[in-house]
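Topology and contacts: notes
Residue-level listing of the chains:
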Amino acid sequence: MLRRLSGAIRSGLAELDRSEDEAVEAGSSASGPRYAYSRPDFLSLSLEPDEVTGLAGYNVSRPILVAGDKCPLPGMSGYAETINGGKSQRNEDQAQACQFWLSPPNSPAAGGQEPRPDAIMYSNFICTFEDCRAAEAARPVRSTLVTYFALFDGHAGDGASTYARHRLHLHIRDRLQQMHPFLLSALSGSNSTTAKAENSSIGVDDLVTGALENAFITMDQEIGKNRVAHKIKGGCTALVTVFLLGRAYVASAGDSRAVLCRGGQAPGRQLTEDQTPYNDRQRLQTIAANHPRLAQGEFSPLQFAKRLGRRDLGRRVLCRSAFVQGWFLKTVSEEDLLFPLITGDSKKSRLLATIGVARGFGDHDLLVSDSSIAVKPFLSCVPQVVPLHDCIGADDFVVMATDGLWDVLSNEAADAVVKDAVSQSTSNRCVIAAQALVGAARGTWQRGSQTPDSRQSGGFWRLTISDATAAPDDSQTKEASNGTAKEPPASLDDISCFVIPLGWLSKPPTPAEVPSADGDN
């Protein structure tokens, strides 16, 4: 049965993959979006396009959509999402989950050429460790299953996030297929001369990291190439988790975040850094210092401890440049009075007074307001890649979420929500955990007068006190001491979240199960 199903999937989707690649190659002659706006396929929504857009009309109820309960996601993972509180008519977040096989290296069917990977599986996923082993037994020797999860948080429209949802996994698949013989060789310790990296110190992590980085670069180049023909507006962040060869890797470009929730009483920990302008300061300052023409003399590449004014001329103030981590004293000159390259701290920081993320896809045509200064030269699409295989256990989970969740929930709170959800249920526990996380960040609708943070008249979204996680400011501390504290505002952003169990997806093969890259099996 499994063999027939696998064959049907391959034959049914192989032409789809080829047609997508060919259509993108010929994209310069097309007009209009290549991919129409829709919600992720795994949500199984039976809606017309206008009905999908109409979900934004429910921004008072903001329904939470879930996946993984009726049609299981890989590894029995869970997914949940909700639309924003009225800032746009569409949910600009996008998500993807799929699986694919890397073909055996030097396959006779390839005719001496690099083998083509199998078609993508977008449904009928391999969901348990036992299913995975059964599927491997039905495959040619030295095939490798790859499981992929991704979140894309769009800004200035959903064009880039929708496009990346349909394309990034294809680039990752192709890059991993190229590295497949080297991966098997590094994993097995083979001395094969045909599948051995030039440097013996290059390991599996290095090869997977390179494949992910190059796939991200290719994706951004493709968006840039096709942005006019396919009307790809705006940009997006990208957060990806892939599982292969008993290992897990998280790749992040932007301010979406992955958090590792440990089993038992062990505390969770943040896996990826929020790549805001503040956190990516040194890279941005280096670009500004080495290429001053990019800022057209309008922005200072230095960072000062406070906003400078003319009264500061000649004074010594704290400063730091691209080439140091710490602070030093500098005498303020006229050029230091330029507007700072980076303003604000942490999540509230802005680059060139324009954008709040330093990495991601798209934004090729973004300019600083009222100027011809291009923002794109300062942005990067290269992700931070984090290997997980040395630190995970059978009862651990990865939470992937867009910044709509992390703006109001701390890592500790998310960890507590997941632990509580999975402890109360063994059936669909990851779906319940994802739904609980999104519900906690969305908060509850409270009727009352409109607040500055609300985009709705007659009420607003509030966190419950138990869900509030950000460190309180002085006013909140004072209110708490007086017993008058109110629930803080909830997230009005789009919120998307995966909860992925690591037990089966990352279970490493035994030495006997590692195939030789020499082909002697």
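First things first, this report covers the structure right here in the doc. (Residues numbered from 1 in each chain as written. Predicted model: local features only at pLDDT ≥ 70, side-chain atom pairs only at ≥ 80, totals over all residues. Heavy atoms only, no water.)

Regarding its fold elements, the protein chain presents ten helices and 21 strands. Counting only residues that meet the buried cut, the protein chain has 52% of its 521 residues in that class. About 23200 Å² of surface is accessible on the protein chain, with carbon and sulfur atoms providing 50% of the total. (Helix = DSSP H or I, 4+ residues; strand = E, 2+ residues; numbered from the N terminus. Buried < 20%, exposed > 50% of the residue type's maximum accessible area, 1.4 Å probe, protein only. Areas by Shrake-Rupley, 256 points an atom, 1.4 Å probe, with all protein chains shown as cover.)

Spatially, β10-β11-β12 is the arrangement adopted by the three strands of the open sheet, whose pairing is antiparallel. What marks the edges here is a single partner per strand, and that holds for β10 (303–304) and β12 (328–331). When strand β11 (residues 316–320) meets β12, the two strands line up antiparallel, connected through four bridges. Paired with Leu318 across the bridge in β12 is Leu329. (Pairing = 2+ DSSP bridges.)

In total, this model carries nine aromatic pairs according to the counting rule given. Ring centres of Tyr35 and Tyr163 lie 5.5 Å apart, and the angle between their planes is 70°; on these two criteria the pair is classed as edge-to-face. Separated by 128 residues along the polypeptide, Tyr35 in the loop between α1 (2–25) and α2 (49–54) and Tyr163 in helix α4 (residues 159–188) bring together distant segments of the chain. Neither residue differs from the other here; Tyr35 and Tyr163 are each classed as buried. With a centroid separation of 6.2 Å and an interplanar angle of 90°, the aromatic rings of Phe149 and Phe243 are classed as edge-to-face. Placement of the pair is Phe149 in strand β4 (residues 144–155) and Phe243 in strand β5 (residues 235–244), with a sequence separation of 94 residues. Judged by its relative accessible area of 2%, Phe243 is buried. Clustering of aromatic rings is evident, with ring pairs tying together Phe42, Tyr79, Phe149, Phe243 and Phe498. Taking the ring centre of Trp461 as reference, the NZ or CZ of Arg62 above it sits at 5.1 Å. (Phe/Tyr/Trp six-rings, centres within 6.5 Å; stacked < 30°, edge-to-face > 60°. Lys NZ or Arg CZ within 6 Å of the ring centre and 35° of its normal.)

Turning our eyes to something else, we now look at the state of the cysteines. Counting across every chain of the model gives zero disulfides. Left without a disulfide partner, Cys261 is nearest to the cysteine sulfur of Cys497, which lies 9.1 Å away. (Disulfide = S-S within 2.5 Å.)

Turning to the pairing of strand β20 (residues 459–462), a few remarks are in order. With burial as the criterion, each face of β20 is covered, one bearing Gly459 and Trp461 and the other bearing Phe460 and Arg462. Strand direction decides the pairing type here: strand β19 (residues 444–447) and β20, joined by four bridges, are antiparallel. The partner of Thr444 across the bridge, within β20, is Arg462.

Right, let's get into the environment of Arg165. Position of Arg165 relative to the elements: it lies in helix α4. Given the relative accessible area of 1%, Arg165 is considered buried. Aside from chain neighbours lying at most four places away, what touches Arg165 is Ser38, Arg39, Pro40, Asp41, Gln94, Ala95, Gln96 and Phe152. Polar contacts involving the side chain of Arg165 include one to the main-chain carbonyl oxygen of Arg39, which spans 3.2 Å. (Contact = heavy atoms within 4.5 Å. Polar contact = N/O pair within 3.5 Å; in protein donor to acceptor, adjacent residues only side chain to side chain.)

This brings us to the sheet that holds strand β1 (residues 65–67). Spatially, six strands are ordered β1-β2-β21-β18-β7-β8 in an open sheet, and the strand pairing comes out antiparallel. Two strands close off the open sheet at either side, each with one partner strand: β1 and β8 (269–270). The pairing of strand β7 (residues 257–261) with β8 spans two bridges and is antiparallel. The residue bridging Leu260 from the neighbouring strand is Arg269, located in β8.

Residue position: Thr218 is located in helix α5 (residues 204–226). A relative accessible area of 18% means that Thr218 is categorised as buried. In terms of polar contacts, Thr218 uses its side chain to reach the backbone carbonyl oxygen of Asn214, at 2.9 Å. Setting aside residues up to four positions removed in sequence, Thr218 forms contacts with His171 and Arg175.

Let's shift gears to the packing of helix α8 (residues 411–424) against helix α9 (residues 429–442). The N-to-C vectors of α8 and α9 enclose an angle of 140°; their axes lie 8 Å apart at closest approach. Seen from above, α8 lies across α9 with right-handed handedness. Only Arg429, Ile432, Ala433, Ala436 and Leu437 of α9 make contact with α8, whose side of the interface consists of Ala414, Val417, Val418, Ala421 and Val422. Among the residues forming the contact of α8 with α9, the class breakdown is nine nonpolar, no polar and one charged. (Axes fitted to C-alpha atoms, helices over the stretch in contact; angles between N-to-C directions. Left-handed = near helix turned anticlockwise from the far one by under 90°. Nonpolar A, V, L, I, M, F, W, Y, C, P; charged D, E, K, R; others polar.)

Right, let's get into the side chain of Thr209. By the secondary structure assignment, Thr209 is in helix α5. Given a relative accessible area of 17%, Thr209 falls into the buried group. At 2.7 Å, the side chain of Thr209 forms a polar contact with the backbone oxygen of Asp205.

The next point concerns helix α6 (residues 281–290). Buried within α6 we find Arg281, Leu284, Gln285, Ile287 and Ala288. Projection of α6 onto a plane perpendicular to its axis shows the buried side chains occupying an angular sector of 155°, all on one side. Buried residues along α6 sit in contact with β10, β11, β14 (342–343) and β15 (350–351). (Arc of directions from axis to C-beta.)

The next thing to look at is the pattern of salt bridges. Going through the model one piece at a time under the given rule, you end up with 20 salt bridges. Of the charged contacts, one joins Arg90 and Asp158 as a salt bridge, the two residues approaching to 3.2 Å between their closest N and O atoms. Of the two residues, Arg90 sits in the loop between β2 (78–82) and β3 (93–102) while Asp158 sits in the loop between β4 and α4, which places them 68 residues apart along the sequence. Using a relative accessible area of 32% as the deciding quantity, one classes Arg90 as partly exposed. A salt bridge links Asp312 to Arg315; the nearest nitrogen and oxygen atoms lie 3.4 Å apart. (Salt bridge = Lys/Arg side-chain N within 4 Å of Asp/Glu carboxyl O.)

Turning our eyes to something else, we now look at a nonpolar patch on the surface. Where nonpolar side chains cluster on the molecular surface, the patch consists of Leu318, Trp327 and Leu329 and spans about 290 Å² of accessible area. Tracing the backbone through its elements, the reader meets Leu329 in strand β12. (Patch = residues over 30% accessible without salt bridge, like charges linked within 9 Å, V, L, I, M, F, W, Y side chains within 5 Å.)

Unusually for a residue other than glycine, Ser44 sits at a positive phi of about 55°. Topologically, Ser44 is positioned in the loop between α1 and α2. A positive phi angle, close to 50°, is found at Leu245, a residue other than glycine. By secondary structure assignment, the location of Leu245 is in the loop between β5 and β6 (247–253). Classification of Leu245 as buried rests on a relative accessible area of 15%.

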